[in-house]
Structures are given as C-alpha cells and as structure tokens.
Amino acid sequence: MSGRVRFDIGNPNVAGSDLEMVAYVKNAEIKWQQGDFTLNAGMIGTIQFAVQEKFWGYRYLLKSFQNEYKFGSSADLGVSAAYKISDILTIDATAINGEGYKKVNKDDALRYGGGVLITPAKWISLRAYYDRNDVATGATGAAQENVGLFAGISQQNFSIGAEYMTLYNAKRVQGKHQYGYSVYSTVKLPNQFQVYGRWDYLFSSNEYNSANDGQLGILGVQYSVNKYVQLSPNFRIWQPAEGGAAKLCGLVNLHVNF
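Residues numbered from 1 in each chain as written. Predicted model: local features only at pLDDT ≥ 70, side-chain atom pairs only at ≥ 80, totals over all residues. Heavy atoms only, no water.

Moving on to the overall build of the chain. Within the chain, the secondary structure is distributed over two helices and 14 strands. Its C-alpha atoms give the chain a radius of gyration of 19 Å, near enough to 18 Å, the size a compact globule of 258 residues would have. Taken along the three principal axes of its C-alpha coordinates, the chain extends 55 × 55 × 40 Å. Counting across all 258 residues of the chain, residues that qualify as buried make up 37%. Across the chain, the fraction of contacts at a sequence separation of at least 24, relative to all contacts at a separation of at least 6, is 46%. When the accessible surface of the chain is summed, it comes to about 14600 Å², and 59% of that surface belongs to carbon and sulfur atoms. Taken together, the 24 basic and 21 acidic charged side chains of the chain have centroids lying 6 Å from each other. (Helix = DSSP H or I, 4+ residues; strand = E, 2+ residues; numbered from the N terminus. Rg over C-alpha atoms; globule rule 2.2 N^0.38 Å. Buried < 20%, exposed > 50% of the residue type's maximum accessible area, 1.4 Å probe, protein only. Contact = heavy atoms within 4.5 Å. Areas by Shrake-Rupley, 256 points an atom, 1.4 Å probe, with all protein chains shown as cover. Lys, Arg positive; Asp, Glu negative; His and termini not counted. Charge placed at Lys NZ, Arg CZ, Asp CG, Glu CD.)

What follows covers the environment of Gly-138. Among the structural elements, Gly-138 can be located in the loop between β7 (124-133) and β8 (144-154). The class for Gly-138 is exposed, based on a relative accessible area of 79%. When the C-alpha positions of Gly-138 and Asp-107 are compared, they lie 10.0 Å apart, and in sequence the two are 31 residues distant.

Moving on, we get to the pattern of salt bridges. Scanning the entire structure with this criterion turns up eight salt bridges. A salt bridge links Asp-134 to Arg-132; the nearest nitrogen and oxygen atoms lie 2.6 Å apart. The exposure class assigned to Asp-134 is partly exposed, which follows from its relative accessible area of 22%. (Salt bridge = Lys/Arg side-chain N within 4 Å of Asp/Glu carboxyl O.)

Grouped together as the largest cluster of nonpolar side chains are 17 residues, with contacts concentrated most on Trp-56, Phe-65, Tyr-69, Phe-71 and Tyr-196. Looking at this core, the elements that each hand over two or more residues are α1 (50-56), β9 (158-168), β11 (193-204) and β12 (214-226). Among residues more than four places away in sequence, those in contact with Phe-65 are Phe-71, Glu-163, Met-165, Gly-180, Tyr-181, Ser-182, Arg-198, Asp-200, Tyr-201 and Leu-202. (Core = buried A, V, L, I, M, F, W, Y, C linked by side-chain atoms within 4.5 Å.)

What follows covers the pairing of β9. Of the strand pairs in this sheet, β8 and β9 are connected by 10 bridges, and their pairing is antiparallel. Note that in β9 the partner of Val-147 across the bridge is Thr-166. Pairing of β9 with strand β10 (residues 178-189), which is carried by 10 bridges, proceeds in the antiparallel orientation. Counterpart to Ile-160 in the pairing with β10 is Ser-185. (Pairing = 2+ DSSP bridges.)

Our focus in this paragraph is the packing of aromatic side chains. Counting across every chain of the model gives 18 aromatic pairs. On the basis of an interplanar angle of 65° and a centroid distance of 6.0 Å, the ring pair of Trp-32 and Phe-37 is categorised as edge-to-face. Judged by relative accessible area, which is 36%, Trp-32 ranks as partly exposed. In this structure an aromatic cluster arises from ring pairing among Tyr-164, Tyr-168, Tyr-179, Tyr-181, Trp-199, Tyr-201 and Phe-203. Here the guanidinium or amino end of Arg-198 rests over the ring plane of Trp-56, the centre of that ring lying 4.9 Å away. (Phe/Tyr/Trp six-rings, centres within 6.5 Å; stacked < 30°, edge-to-face > 60°. Lys NZ or Arg CZ within 6 Å of the ring centre and 35° of its normal.)

This part is about a positive patch on the surface. A grouping of Lys-103, Lys-106, Lys-171 and Lys-176 is seen on the molecular surface, where their side chains present a positively charged patch. Note on placement: Lys-106 falls in the loop between β5 (89-96) and β6 (111-121). (Patch = residues over 30% accessible without salt bridge, like charges linked within 9 Å, V, L, I, M, F, W, Y side chains within 5 Å.)

Okay, structure coming up:
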C-alpha cells in the first residue's frame, strides 16, 4: 500500500489572467499492489496513453499525441486496475470522472474502458485501448468513444513507435469525430547524445476542427549532462490543415529532475 499527492502550478487559462498562476492537485491517490495485481483510487494518473508516453520519452519537450490534442487527460478522479497475466500479456481497466483534474465533477457521466498490452518479446510492445464517455443525465448529444492502437520496437540503440487514434463524437457532440497518427523514433549516439524525431497528423470529420487540425514535425538532439539534467535543441514545423505557410521555430529545452 502506498500513496501520492502531487501539486501543479499553471496558468488558469481564463481571459484577463495572463499574469496569474494557480496551484491545483494533479494527483491524490492510493495504490494497492499484491503480486501482479495493481489497484489505484483517487485523483489518479490515467492509463489511456501511459505506455505511449513512456515510449516517446520526451514529455518535457512535447506531450504524447492523445494528451497534446486533448483526446484524454493525464489525471482524473476514479479507479484503475491492472493485472499482469504473464510476461507477454497485461490487461487494465479504468472508471473515471471523464473531466480531468481541473474540473472534478460537473456532471454524473463516467468515462470507462480498458486496454491490453502484449509484449511477445522484450523489444516489441503492442497495445490496444478503448473507452466510452456517456452523456450526463438530462443532457443532449452522443456518447464519446475513444480507440487507440500502438506498436513499438525498442532495441539497445534504436526505437520506433507508431499510434493511430480515433475520437468519435468528440466532447459528446454527435457526428464530430477526430482522428490522428503519430510516429516517433530515437537513435542513441555515443557520449550521452540522442537524436529523435516525431511526426503528428491530426484531422477531423467534415473538417469541423480544421482551425486546430494539421501536421507537426519535430527533430532534435538531446544531451544528458547526467541522469538529472538533459539539454535539447530542437526544430519544429507546423503545417495547418487550412493551408497557408508552415510555421517553423527553433527551441532549446532544459529538463531538470530531482
């Protein structure tokens, strides 16, 4: 039995509050583990894209696809359970509020689902996930459904992963569907250097979300000063779905872990 409480500080994203910062509880959970069975309850870290996020490995640069484009939240109020059946097969299930960690309980609808992780070899990971977010009592719309598929290959000095995601009836609005692909790879070099790249493609049915749809590419190099500090210059390009000129920028990211 163990527990965790974690606070985040961030912009509340409210008009006129550009200079304000708000502290909020990101996690407040209890974890019970017995053998190959694990149960989490409270304001938990969600399992929707946990495998993909770990495989991508550069969250301090960019969130994994489903988190970055709001297919789901990284934390929510609820319970999750996982059971490792064998070295090859692990199954998991979750029942959460469905509103994330900033809106704790606006309605009585739940988001529930589950997934399966298959590792036929230590260097191969395959995952399938599904969840459903029902409509609240008295509300109109349609249940939101999310499907995620992932495949990854990880060798000592090279890894590559790919995802396909669908979000039917996004935000529980009938007929508004979102889709996406994400491919990412890392090559380890001598002297603590890594070269990485990623390509995202987000699109929607009937182009209803075209203002936010598009393609993102990122290419960079990470240098690990030590196990606590990483430095990464990188280039990013965004091509909006509505057309127009692509946006290119260069960044230098610093990650300090203690």
